[in-house]
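Coordinate analysis (summary)
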Amino acid sequence: MSEIFKENLIEQEKVPEQYPLTVEVFENAESATSAVATKLLERIAQTKKELKIGISHGDTLNQVIDNFVAQIKEKVEKGEKIDLSKVQFIQMEALFPESKNSPVNRFAYTLETKLVKPLEQLGQRVNIYYPGESGKSFEDTLAEYQGLISDLDVDIVSVNTSGDARAFRDANYNPETGEAEYVLGPREHYNVVVRPFAHTDYDPQKTHLGGKIFTRPAGDVPSRELFIKLEQAIDKAITAGDTTTKKSEYLLTEGIGTYKKTKEVWIATSGDKKQTAVKRMFKNVKIENMPTEERKKRQAAFMSDKEGRCSTAALIEVRRGVNTWVVLDSSAVGEYDFDNIQSNGARLIEHK
């Protein structure tokens, strides 16, 4: 981490003025991702102090990054001054170790090739933290990473096809107890989720978690399948003599604790394949200003739901929707009716 971002040198931005859960629906993916990029650039232009921005992985966020770079390029070509020196970007989904120069270690590689290199070519100084590139031990990296993401200003989050169910419900091996446990789980003190490659065999359809076996939603893929594919790709590259690709041992992602403490969370998704995810995102979720009786009703519905709560819904709920912005395109929304959350204090903005 650059010396400029040590906590005792630069103060962070103040918490933004509080706003309720805001769902904004755009006509298409381009307009939705462009809106996120525009807001990010505006936030950067307004800041006079350090701004910590977390970035996750996903097709929609890749479009956000493309739009962000394109908008900066347009401004630079017009002679406008863009200053990113006070911005600290942080990779929120990371392999450890990994190489930003290896297409196989794709998380860091994506940010390096789509965000960092294009901005550097525009004369920008880009400060970004890649956990897998720390060069330190895993224990030291984890401590550094936890400290860095403990007070994010903005966390830009993607949504998986199933509503990110695998990250929230799939179990992990606890070496101390020898039992399966939730990865993100309902406990709010999880700031960073550590997924060892060696222990990803558990499936909620076969393993009791929280006293019940879950039903996997349509379109969801067990974590183990994803890890196997990634391991195979890494091994193949290394065997073929690729010296840039690193043999990863862990997957690091943010936990519920980080989502709760972040000043603002922006959730972006697009495409008709995300309609199931959108429905699950708001399924039985409890937000600010919701009447007590309705809150109890939704809690009871959640407890009896065999699909379990997806991580995006858990994210919204742990924040009660406060300072949480959901950006969708019309194809991701489909026929979904927002009355169930709008009537309880959420704000809906539709662009037609």
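See the structure above.
Residues numbered from 1 in each chain as written. Predicted model: local features only at pLDDT ≥ 70, side-chain atom pairs only at ≥ 80, totals over all residues. Heavy atoms only, no water.

This next bit is on the environment of Lys212. In this fold, Lys212 is placed in the loop between strand S9 (192-196) and helix H6 (223-239). On the accessibility criterion, Lys212 (24% relative accessible area) is partly exposed. Spatially, the C-alpha atom of Lys212 lies 8.1 Å from that of Lys306, the residues being 94 residues apart in sequence. (Helix = DSSP H or I, 4+ residues; strand = E, 2+ residues; numbered from the N terminus. Buried < 20%, exposed > 50% of the residue type's maximum accessible area, 1.4 Å probe, protein only.)

Below, the discussion takes up the pattern of salt bridges. Considering all chains together, one arrives at 16 salt bridges under this definition. Among the ionic pairs, Lys52 bridges to Asp151, the shortest N-O distance being 2.8 Å. Pair noted here: Lys52 is in strand S2 (residues 51-55) and Asp151 is in the loop between helix H4 (138-148) and strand S6 (154-157), with a separation of 99 residues, a long-range link. Each of the two residues, Lys52 as well as Asp151, counts as buried. Two residues, Glu144 and Lys136, come together in a salt bridge whose shortest N-O distance is 2.7 Å. Given the relative accessible area of 17%, Glu144 is considered buried. With relative accessibility at 43%, the residue Lys136 sits in the partly exposed group. (Salt bridge = Lys/Arg side-chain N within 4 Å of Asp/Glu carboxyl O.)

Moving on, we get to the pairing of S2. Regular strands have side chains that alternate between both faces of the sheet. Judged by how many residues are buried, S2 sits mostly within the fold: five of five residues are covered. Handedness of the S2-helix H2 (residues 59-77)-strand S3 (residues 87-91) crossover: right-handed. The pairing of S2 with S6 spans three bridges and is classified as parallel. What sits directly across from Gly54, in S6, is Asp155. (Right-handed = clockwise from strand over helix to strand, strands pointing away. Pairing = 2+ DSSP bridges.)

Below, the discussion takes up the sheet that holds strand S5 (residues 127-129). Reading across the sheet, the eight strands line up as S5-S3-S2-S6-S11-S12-S1-S13 and stay open at both edges, with parallel pairing between neighbours. In this open sheet, the two strands that pair with only one neighbour each are S5 and strand S13 (347-350). The mean inter-strand angle of the sheet, taken between neighbouring strand axes irrespective of direction, is 20°. Two elements, strand S1 (residues 22-26) and strand S12 (residues 324-329), share five bridges in a ladder whose sense is parallel. Bridging from a neighbouring strand, Val25 pairs with Leu328 of S12. Helix-sheet contacts for helix H3 (residues 106-121) involve S2, S3 and S5, and the interaxial angle to S3 is about 150°. In this fold helix H10 (residues 311-318) packs onto S6, strand S11 (264-269) and S12, with an angle of close to 150° to the strand it touches most, S11. (Axes fitted to C-alpha atoms, helices over the stretch in contact; angles between N-to-C directions. Contact = heavy atoms within 4.5 Å.)

Below, the discussion takes up the sheet that holds strand S4 (residues 93-96). What the three strands build is an open sheet, ordered S4-S10-S9; its pairing is antiparallel. Only two strands of the sheet have a single neighbouring strand rather than two, namely S4 and S9. Strand-to-strand twist in this sheet, taken as the mean axis angle between neighbours without regard to direction, amounts to 20°. For S9 and strand S10 (residues 250-254), the ladder comprises five bridges, and the chain directions are antiparallel. Pairing of Pro196 across the sheet is with Tyr250, part of S10.

Looking now at the environment of Gly54. Its place among the elements puts Gly54 in strand S2. On the basis of relative accessible area, Gly54 is assigned to the buried category, the value being 0%. Separated by 98 residues in sequence, Gly54 and Leu152 place their C-alpha atoms 6.9 Å apart. Filtering out sequence-adjacent residues up to four positions away, Gly54 remains in contact with Ile90, Met92, Leu152, Val154, Asp155 and Ile156.

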